[in-house]
Amino acid sequence: MSGLEIRKTAVIGAGTMGNGIAHILAMHGYSTIMTDINTEALERGLDTISKNLGRMKAREKIDEAVVASTLQNIRTTTSLTEAVAGSDIVIEAATEDELIKSEIFRTIDAAAQDRCILATNTSSISITKLAAITSRPEKVIGMHFFNPVPVMKLVEVIKGFSTSQEVSDAVMSLSRKLGKTPVEVNDFPGFVSNRILMPMINEAIFTLSEGVAGVAEIDEVMKLGMAHPMGPLLLADFIGLDVCLHIMKVLHDGFGQPKYAPALLLVKMVAAGQLGRKSGSGFYDYTADPRAPSVARNFV
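These figures come from a predicted structure and were not determined experimentally.

(A) Seen up close, the overall build of the protein. Broken down by element type, the protein carries 12 helices and 10 strands. Rg of the C-alpha trace for the protein: 20 Å, near the compact-globule value of 19 Å for 300 residues, within the 12% margin. For the C-alpha atoms alone, the extent of the protein along its principal axes is close to 60 × 45 × 35 Å. Put simply, the protein has 300 residues, and 46% of those count as buried. At a minimum sequence separation of 6, the contacts of the protein that also span at least 24 residues come to 65%.

(B) Focus on the side chain of Thr-32. By secondary structure assignment, the location of Thr-32 is in strand β2 (residues 31–35). Each residue touching Thr-32, except ones within four places of it in the same chain, is listed here: Thr-9, Val-11, Ala-22, Leu-25, Ala-26, Asn-73, Ile-74 and Arg-75.

(C) Examining the nonpolar core more closely. Core analysis: the biggest nonpolar cluster contains 36 residues, and Ile-21, Leu-25, Ile-89, Ile-117, Met-143, Phe-145 and Leu-174 have the highest contact counts within it. When contributions to this core are tallied by element, the ones reaching two or more residues are α1 (16–27), α2 (39–58), β4 (89–92), β5 (117–120), β6 (140–145), β7 (154–159) and α7 (165–177). Counting residues per element, this core draws most heavily on α1, which supplies six residues. If we skip the residues at most four places from it in the chain, Ile-89 touches Ile-6, Lys-8, Thr-9, Ala-10, Cys-116, Ile-117, Ala-119, Met-143, Val-171 and Leu-174. Counting 27 residues, the second largest nonpolar core, distinct from the first, contains Val-215, Ala-263, Tyr-286 and Phe-299.

(D) Layout of helix α9 (residues 215–226). With 12 residues, α9 extends 16 Å between its outermost C-alpha atoms, agreeing within 8% with the 16 Å of an ideal straight helix rising 1.5 Å per residue. Of the residues making up α9, those classed as buried are Val-215, Ile-218, Asp-219 and Met-222. In an axial view of α9, the angular spread of the buried residues amounts to 95°, which keeps them on one side of the axis. Exposed positions of α9 whose direction lies more than 90 degrees from the buried face are Val-221, Leu-224 and Gly-225.

(E) Fine view of the pairing of β7. Among the six residues of β7, five are classified as buried, and the element is accordingly described as predominantly covered. As judged from the five bridges shared by β6 and β7, these two strands associate in the antiparallel manner. Bridge pairing in β7 places Met-143 opposite Val-157. Where the polypeptide runs from β7 across α7 and back to strand β8 (residues 181–186), its parallel neighbour, the crossover connection is right-handed.

(F) Region of the structure containing the pattern of salt bridges. In total, this model carries 13 salt bridges according to the counting rule given. The salt bridge partner of Lys-278 is Asp-242, with a shortest N-O separation of 2.8 Å. Taken together, the residues Lys-278 in the loop between α12 (264–271) and β9 (284–285) and Asp-242 in helix α11 (residues 241–255) connect sequence positions 36 residues apart. In this structure Lys-278 comes out as exposed when scored by relative accessible area, which is 53%.

(G) Structural detail: unusual backbone geometry. Following Asn-147, the chain continues into Pro-148 via a peptide bond in cis, with omega recorded as 0°. Mapped onto the fold, Pro-148 is located in the loop between β6 and β7. Located in the positive-phi region is Phe-191, a residue other than glycine, with phi close to 55°. Considering the arrangement of structural elements, one finds Phe-191 in the loop between β8 and α8 (193–209). With phi around 60°, Ala-227 is a residue other than glycine that occupies positive phi space. Residue placement: Ala-227 occurs in the loop between α9 and α10 (232–239).

What counts and how
- Residues numbered from 1 in each chain as written.
- Predicted model: local features only at pLDDT ≥ 70, side-chain atom pairs only at ≥ 80, totals over all residues.
- Heavy atoms only, no water.
- Helix = DSSP H or I, 4+ residues; strand = E, 2+ residues; numbered from the N terminus.
- Rg over C-alpha atoms; globule rule 2.2 N^0.38 Å.
- Buried < 20%, exposed > 50% of the residue type's maximum accessible area, 1.4 Å probe, protein only.
- Contact = heavy atoms within 4.5 Å.
- Core = buried A, V, L, I, M, F, W, Y, C linked by side-chain atoms within 4.5 Å.
- Expected span 1.5 Å × (residues − 1).
- Arc of directions from axis to C-beta.
- Pairing = 2+ DSSP bridges.
- Right-handed = clockwise from strand over helix to strand, strands pointing away.
- Salt bridge = Lys/Arg side-chain N within 4 Å of Asp/Glu carboxyl O.

Keep in mind these values describe shape, not function.
Laid out in structure tokens, this is it:
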């Protein structure tokens, strides 16, 4: 093998994003190792992949041979160093926490072969800061997938201050081979997607807290008036209100401008454990039927 050809891949994290990334890598013929801190997480990740493959087969998007080959292409391990050794690219999809990601990058930098690309699926953390931890900043890059990974076409490819064009080109090429549409951006707080999306969600929360309109009304205006597939408050629940708050803090700290200050209602809801769909309640209540949530309370 020469240059930055990618054949063997490793995915760190078996949660929603990690198992989705492992799914598409394996489905497109890449030998993939998925790693997490315990076997239960890996089992849940594999079960999710199997169920998602089953749904794709039921919709006649793939056949049984693709299901079988995808599952055969995935191995699992709880050993981070074992997963990284021999890989051509490592895609980190662990918890969106800078300290956790920093420790992971120190470990994988020491364990990976010299030519290995170190990518992160972060939605907000500086690529440049993560790269500076390693001995190969030119080979560190952002590869921001969107949820659900097997369905969403976009990959935001983020170049850090030291990322080489060769590495960016290799990741853009890999993304296309996965059937995705990659867009190359530079390393600024929130990149492109969250720099634009999160202030919109934040403004929707301000609009709610100021009594301009209710939850359903705000979402209906944005769906019907702006042709959004779902309203900003339902989307916030889907993302997780804690994640939204974290990204708003990254934007506020990174730019130092008051327009990025998180809405007080968002802060309060996160403090109260009302995190959206994953906690059962946020702007909507998901306890009766997660597929048809009702407005959680009167916020106005």
